[in-house]
Amino acid sequence: MPLSFETESHGEIPIGFFNIESDMFLINNYFIFADDLCSAITEWTGGADTITSELEMYVFANPGDIGNLMGAINGIVFTGFIGELYKLYPFPSHPENFRQNPEGYKTRAEVENIIVKFAKREKIKIHISQEEGAITLGEYKFNPSQFHEVIAYIWRGGMPQWKNGKRPVYVEKMMKAVLGSEHWLFKGSLESNKNRF
């Protein structure tokens, strides 16, 4: 489930997975499939000190269209995108089954068919600046330590963790690139806390 993460620009915002049968990932009001995000992070590990690019994400013009996560989890409120998704993939009835599915990417087509009813796919500007000591994803700015926390969350599989301890290949590839990177964004606290990953 999403957790609160610190940002330089907006204080705490929710970030993370929100349905165990999908690998869609939210960054407050931005929604992106985790394999797309991990692939971008993998590319950044070998990039220049300053990177300016774009990353396609789904954006909700109306926050109400996102839905009610806790209501959907409890099976009582099925509004917006999250409500529609939970109708298709409800919260597991047995707590031991609450684990992030490493094959969640297989539901991508179904999830995309739902989200396009509520949000638009937009090109979000990405700016990684050593001079600023920050990475900016659209309107959200993170310092390296804050961004490392997001990477650690993906590696763990969020709050429920990956089912059977198995991670998707794209997550394994991302972390290998991150830990082997000499890029300033991925050094420092990430390097000194390898045991967390």
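Residues numbered from 1 in each chain as written. Predicted model: local features only at pLDDT ≥ 70, side-chain atom pairs only at ≥ 80, totals over all residues. Heavy atoms only, no water.

1. Comments concerning the pattern of salt bridges
The tally for this structure, following the rule as stated, stands at eight salt bridges. Ionic pairing is found between Arg108 and Asp36, a salt bridge with its closest N-O pair at 2.9 Å. Placement of the pair is Arg108 in helix H4 (residues 108-115) and Asp36 in helix H1 (residues 34-44), with a sequence separation of 72 residues. (Salt bridge = Lys/Arg side-chain N within 4 Å of Asp/Glu carboxyl O. Helix = DSSP H or I, 4+ residues; strand = E, 2+ residues; numbered from the N terminus.)

2. Considering the nonpolar core
Counting residues in hydrophobic clusters, the biggest one holds 40 residues, and the most contacted among them are Phe25, Ile27, Ile41, Trp44, Phe142, Phe147 and Met174. In contact with Trp44, other than residues within four places in its own chain, are Ile51, Ser53, Ile126, Ile128, Ile135, Leu137, Phe147, His183 and Phe186. Within the second largest apolar cluster, 23 residues are counted, among which are Phe60, Leu69, Phe98 and Val111. (Core = buried A, V, L, I, M, F, W, Y, C linked by side-chain atoms within 4.5 Å. Buried < 20%, exposed > 50% of the residue type's maximum accessible area, 1.4 Å probe, protein only. Contact = heavy atoms within 4.5 Å.)

3. A look at empty space enclosed by the protein
Enumeration according to the criterion identifies two cavities of 30 Å³ or more in this entry. Ile15, Ile27, Leu37, Ile41, Leu137, Phe142, Phe147, Val150 and Ile154 are the residues that line the largest cavity. Taken together, the elements giving at least two residues each to the lining of the largest cavity come down to H1 and helix H5 (144-156). Residue contributions to the lining of the largest cavity peak at three residues, all from H5. Reported here for the second largest cavity is a volume of approximately 40 Å³. Every residue along the wall of the second largest cavity is listed here: Met1, Asn19, Ile20, Glu21, Tyr86, Tyr89, Pro90, Phe91, Pro92 and Phe98. A class-by-class count of the residues in the lining of the second largest cavity yields eight nonpolar, one polar and one charged. (1 Å grid on protein atoms, 1.4 Å probe; cavity = no way out; pocket = protein on both sides within 12 Å on 5 of 7 lines; lining within 4 Å. Points joined across faces, edges and corners; volume = space filled by probe spheres on them. Nonpolar A, V, L, I, M, F, W, Y, C, P; charged D, E, K, R; others polar.)

4. Quick notes on the packing of helix H3 (residues 80-88) against H4
Taken N-terminus to C-terminus, the directions of H3 and H4 make an angle of 145°; their axes are 9 Å apart at the nearest point. Crossing of H3 against H4: the hand is right-handed. Along the contact surface, H3 presents Phe81, Glu84, Leu85 and Leu88, while H4 presents Glu110, Val111, Ile114 and Ile115. When its residues are assigned to classes, the contact of H3 with H4 shows six nonpolar, no polar and two charged. (Axes fitted to C-alpha atoms, helices over the stretch in contact; angles between N-to-C directions. Left-handed = near helix turned anticlockwise from the far one by under 90°.)

5. Points about the packing of aromatic side chains
As enumerated under the stated definition, the model contains 14 aromatic pairs in all. Arranged with centres 4.9 Å apart and planes meeting at 45°, the rings of Phe91 and Phe98 form a pair that is tilted. In this structure Phe91 comes out as partly exposed when scored by relative accessible area, which is 28%. Seen in terms of ring centroids, Phe142 and Phe147 are 6.3 Å apart; in terms of plane orientation they differ by 55°. Their pairing is tilted. Here Phe142 and Phe147 have matching classes, each one buried. What links up through ring pairs into an aromatic cluster is the set Phe5, Phe17, Phe25, Tyr153 and Trp162. Directly above the aromatic system of Trp155 lies the positively charged group of Arg167, at a separation of 3.7 Å from the ring centroid. (Phe/Tyr/Trp six-rings, centres within 6.5 Å; stacked < 30°, edge-to-face > 60°. Lys NZ or Arg CZ within 6 Å of the ring centre and 35° of its normal.)

6. Quick look at the sheet that holds strand E1 (residues 3-7)
As summarised here, the arrangement of the eight strands in space is E1-E2-E3-E4-E5-E6-E7-E8, forming an open sheet in which the pairing is antiparallel. Of all strands in the sheet, those with a lone pairing partner are E1 and strand E8 (140-142), marking the two edges. Sheet twist, expressed as the average angle between the axes of neighbouring strands with direction ignored, equals 30°. With four bridges connecting them, strand E3 (residues 24-27) and strand E4 (residues 30-33) associate as antiparallel partners. When the sheet's bridge partners are listed, Phe25 is paired in E4 with Ile32. Strands in contact with H5 are E1, strand E2 (11-17), E3, strand E7 (134-137) and E8; relative to E1, the strand with the most contacts, it is inclined by about 155°. (Pairing = 2+ DSSP bridges.)

Geometry only, nothing functional implied.
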